[in-house]
Structure formats: C-alpha cells, structure tokens
Amino acid sequence: MSSTTASLDPIVKAVATQFDLGTGLTADRPSLKRPLSAMRGLYADTEAFEAAVAAGDPLSYEFYDFDVPLLETEVAYGTSITYPGKVGDEYYMTKGHFHTRLESAEIYFCLSGQGLMLMESPEGDVQVEEFRPGRSVYVPGRYAHRSINTSASEPLITFFAFPGDAGHDYGTIETKGFRTIVLDRDGVPELVANPRWAD
Ligand SMILES: O=P(O)(O)OC[C@H]1O[C@](O)(CO)[C@@H](O)[C@@H]1O
C-alpha cells in the first residue's frame, strides 16, 4: 500500500497526529488518493463508470498510510474518507481487500457520515454492519472489507487500526469485486448479487 520501504524496526518514540474532524484529513503527510479510474472493473454499471471517469474522474476516496513497521507488535492506523456519490445506482466505496496474513482483524471507528462495512470471507459468507458517528465496527480476521458511503451529501469518515504485519491482498477483488454489491433503491441501500461475480 505504501510507496516507501517499510521498516522492520519497532517504533520507539511516541507519535501524535492531528486530524481535522470535519474532513478526516491531516496536514502531517499526503493522503493516498483513489480517483474513480482506480476502480475500473469494480462497479456493475460500466457505462456509467466510464462516463463518470470521462467527465472528470472524481476522487472517490482517500486514506493514510503511516508506514508503520511490518511487525505483528505494531499497529497500523489512519483515517479513511469515502466521498458521497454513485456510479449508476451503486454507492461510492473503497476497493476492499483481504489481509495478506488472512487471520488479521481490523477495527474501525466512524467519526462522521453514514455508510456500511461490507465483509466477505473467502468461502462467501457475507456480513454487513452500519457506520454512523460514534459506532465502531470490528472486522474479523479472514474477512475482506469494503467501506461504502450511503449518504447523498456527506463524506464517510472512519479511523481504522490493524496489526502492522497484516498486509493488503486484493486477490480476486480487483478483478471480480465482492459477491455482493450495494445499490441505492429509492434512497434505501439494498444488497444485491454482483452480476460480475462468477465462480
Ligand atoms: O485497500 P482499499 O480497499 O483501497 O482501501 C484502503 C482502505 O483500507 C484501509 O487500508 C484500512 O484497511 C484504509 O487505509 C482505507 O480506507
């Protein structure tokens, strides 16, 4: 996930970071940005996707990587900001990933906005939890996880933390997505089988 070489030396000095609670951003380092074009193949409505990319390729989400050492004794953390928007009827979302060390869990805390955490095991078990301000979501080990912004106007801002050696594994997600997608049906999120998924 990071562009720099990750250290294997433990952090020995305290680190403090000021995040802006309104935007979820910090001035301490640049965020990693995912414009819509980074999501090619993941939205069901490919025509709407290409039209949105051609019309300006909006930023769909951004997040931080603090280059925490890749050790199980360290804690990787940061904020994640998923912007409001839709591709066709499908809400803006993160790409989603498994952890390379599959058993690694992750914790999220919603600072503002509203949305869903979609989780899926390699065997296809699906779990969904709601994000709203003040609510935490514990993502169990072995589950791929994707944040979805279901608000029409507000960014979904979360703080996350996971073991330093968990790693990111995009596996089948980059090509087929999740087995389940979430669509806006007259203002209500609905879980639907992903038409692009095929075993
Ligand atoms: O790896 P993805 O799905 O592009 O999204 C990255 C998201 O996952 C995280 O790595 C947390 O697991 C966040 O940094 C960010 O919200």
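Residues numbered from 1 in each chain as written. Predicted model: local features only at pLDDT ≥ 70, side-chain atom pairs only at ≥ 80, totals over all residues.

Draft legend 1. Structural view of the site of the ligand. Residues in close proximity to the ligand total 13 residues, the closest being Phe63, Ser80, Thr94, Lys95 and His97. Elements with a minimum of two residues in the shell around the ligand: β3 (75-82) and β11 (156-163). A class-by-class count of the residues in the shell around the ligand yields three nonpolar, seven polar and three charged. (Near = placed C-beta within 6 Å. Helix = DSSP H or I, 4+ residues; strand = E, 2+ residues; numbered from the N terminus. Nonpolar A, V, L, I, M, F, W, Y, C, P; charged D, E, K, R; others polar.)

Draft legend 2. Molecular detail of the UniProt feature "domain: Glucose-6-phosphate isomerase prokaryote" (unreviewed entry) in the protein chain. Here, the residues flagged by UniProt with the feature "domain: Glucose-6-phosphate isomerase prokaryote" (unreviewed entry) are residues 37-184. Helix makes up 9% of residues 37-184 and strand 40%, with an end-to-end C-alpha separation of 21 Å. (UniProt positions renumbered as here; feature names shortened; annotations may be inferred.)

Draft legend 3. Seen up close, unusual backbone geometry. If you check the backbone angles, aspartate 57 has positive phi at about 45° while not being a glycine. The topology assignment puts aspartate 57 in the loop between α1 (46-54) and β2 (59-63). Despite not being glycine, aspartate 67 has its phi angle at roughly 55°, a positive value. Topologically, aspartate 67 is positioned in the loop between β2 and β3.

Draft legend 4. Local environment of the pairing of strand β12 (residues 180-185). Note that β12 and strand β13 (residues 188-193) share six bridges and pair antiparallel. Bridging across to β13, leucine 183 finds its partner in glutamate 190. Hairpin connection of β12 to β13: two residues between the antiparallel strands, including aspartate 186 at a positive phi of 50°. (Pairing = 2+ DSSP bridges.)

Draft legend 5. Focus on the sheet that holds strand β7 (residues 115-120). Here we have three strands laid out as an open sheet, ordered β8-β7-β10, and antiparallel in their pairing. Taken across any chain shown, the strands that pair with only one partner, and hence form the sheet edges, are β8 (126-131) and β10 (144-149). Sheet twist, expressed as the average angle between the axes of neighbouring strands with direction ignored, equals 20°. Both β7 and β8 contribute to a ladder of six bridges, which runs antiparallel. Residue pairing for β8: glutamate 120 is matched across the bridge by valine 126. (Axes fitted to C-alpha atoms, helices over the stretch in contact; angles between N-to-C directions.)

Draft legend 6. Molecular detail of the environment of aspartate 9. Topologically, aspartate 9 is positioned in the segment before β1 (32-35). Residue classification places aspartate 9 among the exposed residues on the basis of 8 C-beta atoms within 10 Å. Taking the C-alpha atoms as reference points, aspartate 9 and threonine 82, separated by 73 residues in sequence, lie 32 Å from one another. (Buried ≥ 20, exposed ≤ 12 C-beta atoms within 10 Å, placed from the backbone.)

Draft legend 7. Summary view of the nonpolar core. Ranked by internal contacts, the top residues of the largest apolar core, which has 24 residues, are Met117 and Leu118. Of all the secondary-structure elements, those providing two or more residues to this core are β6 (106-112), β7, β9 (136-139), β10, β11 and β12. With four residues, the single largest contributor to this core is β7. Discounting chain neighbours no more than four positions away, the residues touching leucine 118 are Val128, Arg146, Ile148, Phe178, Thr180 and Val182. Listed in part, the seven residues of the second largest apolar core include Met39, Tyr43, Ala52 and Val87. (Core = buried A, V, L, I, M, F, W, Y, C linked by C-beta atoms within 7 Å. Contact = placed C-beta atoms within 7 Å.)

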